[in-house]
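# Summary of structural features
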Amino acid sequence: MTDPATLITNIGELMTQDAEHRVLRDAAIVLEGERITWIGTARNAPAADSRYDAGGRACLPGWVDSHTHLVFAGDRTAEFEARMAGESYAAGGISVTVEATRRASDEELGELVAARAAEAAASGTTCLETKTGYGLDVAEEARHARIAAATADEVTFLGAHLVPHGWAADDYVRLVTGPMLEAVRPWVGWADVFCETGAFTPDQSREVLRACRNAGLGLRVHGNQLGPGEGVRLAVEEGAASVDHVNHLTSADIDALAGSWSGWRSGSPGTGLRGTGLRGTVATCLPACDLSTRQPLAPARQLLDAGVPVAIASNCNPGTSYTTSMAFCVATAVLQMGLTVHEAVRAATYGGALALHREQSTDDGGSLAVGSSAAGASPSGPLAAGALAVGSLVVGHRADLQLLDAPSATHLAYRPGMELTHAVWRRGRRLR
């Protein structure tokens, strides 16, 4: 028995973000179950079981938010206020959230995570990564991973977020790479490390990444946020899927990122970029965080011009970026970072999918990546067997899309700060 088909028609502008970067006018799209089964002009649309009139609105892929920290309790308003008064940001503020989060019950944390994810979905986010990192002991990190896995599409282990008070850094790294890693493993598909002054040195970060890779996890890196450093080069050398923040880059850093994609080539039409297995490291920009911490905005224009794939994510967290609005991040990328509307939307959709290794379906020629749940990993791990691609509107991909209360995506930057989300579908089911 086939799933009922839904035709969404009378779309003013349909931005596919596929390999050809197509933008269709007077368009239509058909959803069946969790998949997209047809895209084209409205006049050629097939019959369907139900019909939704988009009223000339713009249609985009759902946002893919590839960097968030949703498992937290407590409030850091005072820290934010002090920073706005001129104090500089330092990584140590994380410990305030750790204390508050440890006091929250499983039920309280689960409700907080679900509420934040629902808020994101209501504004067009249909695929969401989130991290541990506010536990920083074995039991708490495992608890946070389990709670995150109940809601997020992808869960990342960030035990190496900060060295807790009272610990020697090398001793804590041994805890992260041993008992803590073992405890979180059933729930996570990725590992991350904060390679930064005040957090973990490059050598410590490398030890964490290698242990996590040996455990079957995909890799991510927080790098080059607070100043120049070795985070980007570490991410490239260790084959991380993404390096995030990237505020302070040298020409050598940008060259290293660009060089990491030298083995990547275009593949079958309509599936987004497909490589030879030599995929590189995505540069993930977090513009809302840059504004809050008053760091230089990440050089997204330079990265794109150098051939580096860029993702945009919200970095939703209590200390430096308390927002789930990807539309705000897209508007900032256009107005202040030099990206075109199409480039910014692509970074917030296809770019996020590429950073999560979810740009191609695994039952459509995609190969299972490090961290895959096929090896007994988490149900939310990267490229789980049978996972449908996200981040672009392509036949066979997951039916994740949004309609804007506007005739084109340009209005995201033309009318910044306005709530333009009209309707959202995730896995073919309408959320709003």
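Definitions and cut-offs
Residues numbered from 1 in each chain as written. Predicted model: local features only at pLDDT ≥ 70, side-chain atom pairs only at ≥ 80, totals over all residues. Heavy atoms only, no water. Core = buried A, V, L, I, M, F, W, Y, C linked by side-chain atoms within 4.5 Å. Buried < 20%, exposed > 50% of the residue type's maximum accessible area, 1.4 Å probe, protein only. Helix = DSSP H or I, 4+ residues; strand = E, 2+ residues; numbered from the N terminus. Contact = heavy atoms within 4.5 Å. Pairing = 2+ DSSP bridges. Axes fitted to C-alpha atoms, helices over the stretch in contact; angles between N-to-C directions. Salt bridge = Lys/Arg side-chain N within 4 Å of Asp/Glu carboxyl O. pLDDT = per-residue confidence, 0-100. Polar contact = N/O pair within 3.5 Å; in protein donor to acceptor, adjacent residues only side chain to side chain. Parallel < 35°, antiparallel > 145°, perpendicular 65-115°, else oblique. Left-handed = near helix turned anticlockwise from the far one by under 90°.

Among the nonpolar cores identified, the biggest contains 84 residues, and Val-246, Leu-303, Val-345 and Leu-412 are the most heavily contacted of them. In terms of residues, this core owes the most to one element, helix H5 (residues 169-184), which gives 7 residues. In this structure Leu-303 touches Val-246, Leu-249, Ile-254, Leu-257, Ala-283, Cys-285, Val-308 and Val-310, once residues within four positions along its chain are discounted.

The 8 strands lie next to each other as E6-E7-E8-E9-E10-E11-E12-E13, forming an open sheet whose pairing is parallel. The sheet terminates laterally at strand E6 (63-65) and strand E13 (310-312), the two strands that pair on one side only. With strand direction ignored, the average angle separating the axes of adjacent strands in the sheet is 25 degrees. When strand E7 (residues 125-131) meets strand E8 (residues 154-160), the two strands line up parallel, connected through 3 bridges. Residue Thr-130 lies in a different strand from E8, and its bridge partner there is Val-155. Helix H12 (residues 341-348) contacts E6 and E13 of the sheet and is inclined by roughly 80 degrees relative to E13.

As paired elements, strand E1 (residues 5-15) and strand E5 (residues 58-61) share 2 bridges and run parallel to each other. Counterpart to Glu-13 in the pairing with E5 is Ala-58. With 4 bridges joining them, E5 and strand E14 (residues 401-404) adopt antiparallel strand pairing. Each bridged residue has a counterpart across the sheet, and for Pro-61 the counterpart in E14 is Leu-401.

Let's shift gears to the pattern of salt bridges. Per the stated rule, a full pass over the model turns up 25 salt bridges. Salt-bridge contacts for Arg-146 lead to Asp-106; the nearest nitrogen and oxygen are separated by 2.9 Å. You can see Arg-146 sitting in helix H4 (residues 138-149) and its partner Asp-106 sitting in helix H3 (residues 106-122), a full 40 residues away along the chain. One salt-bridge network, held together by shared partners, links Arg-206, Arg-210, Arg-213, Glu-237 and Glu-238.

The subject of this paragraph is H12. For H12, the tally of buried residues reaches 7 of 8 residues, placing the bulk of the element in the interior. Turning to H12, its buried residues number three or more, namely Val-341, His-342, Ala-344, Val-345, Arg-346, Ala-347 and Ala-348.

Let's shift gears to the confidence of the model for the protein. Predicted confidence across the protein gives a mean pLDDT of 91, with 91% of residues reaching 70 or more. Below a pLDDT of 50 lies the segment residues 266-276, which in the model reaches 29 contacts outside its immediate sequence neighbourhood of four places, other chains included. Contacts for the low-pLDDT stretch residues 365-381, under 50 throughout, to residues beyond four places or in other chains number 50 contacts.

Moving on to the environment of Val-282. Here Val-282 lies in strand E12 (residues 282-285). Among the residues examined, Val-282 registers a relative accessible area of 1% and is labelled buried. Taking the C-alpha atoms as reference points, Val-282 and Val-236, separated by 46 residues in sequence, lie 9.4 Å from one another. Setting aside residues up to four positions removed in sequence, Val-282 forms contacts with Ala-241, Ser-242, Val-243, Trp-261, Pro-309, Val-310, Ala-311, Gly-351, Leu-354 and Ala-355.

On the secondary structure map, Asp-153 appears in the loop between H4 and E8. It is 9.0 Å that separates the C-alpha atoms of Asp-153 and Thr-126, two residues lying 27 residues apart in sequence. Within polar-contact distance, the side chain of Asp-153 engages the side chain of Arg-426 at 2.8 Å.

What follows concerns the packing of helix H11 (residues 326-337) against H12. At a minimum axis separation of 9 Å, H11 and H12 run at an interaxial angle of 140 degrees. Comparing their axes, H12 and H11 come out oblique. The two elements H11 and H12 meet at a crossing, and its hand is right-handed. Here Met-326, Val-330, Ala-333 and Val-334 of H11 come into contact with H12, specifically with Val-341, Ala-344, Val-345 and Ala-348.

You can see Thr-177 is positioned in helix H5. A distance of 2.9 Å separates a polar atom in the side chain of Thr-177 from the backbone oxygen of Val-173. Reaching out from Thr-177, the side chain makes a polar contact with the backbone oxygen of Arg-174 at a distance of 3.4 Å. Once you skip the residues sitting within four places of it in the chain, Thr-177 turns out to touch Glu-207, Val-208 and Ala-211.

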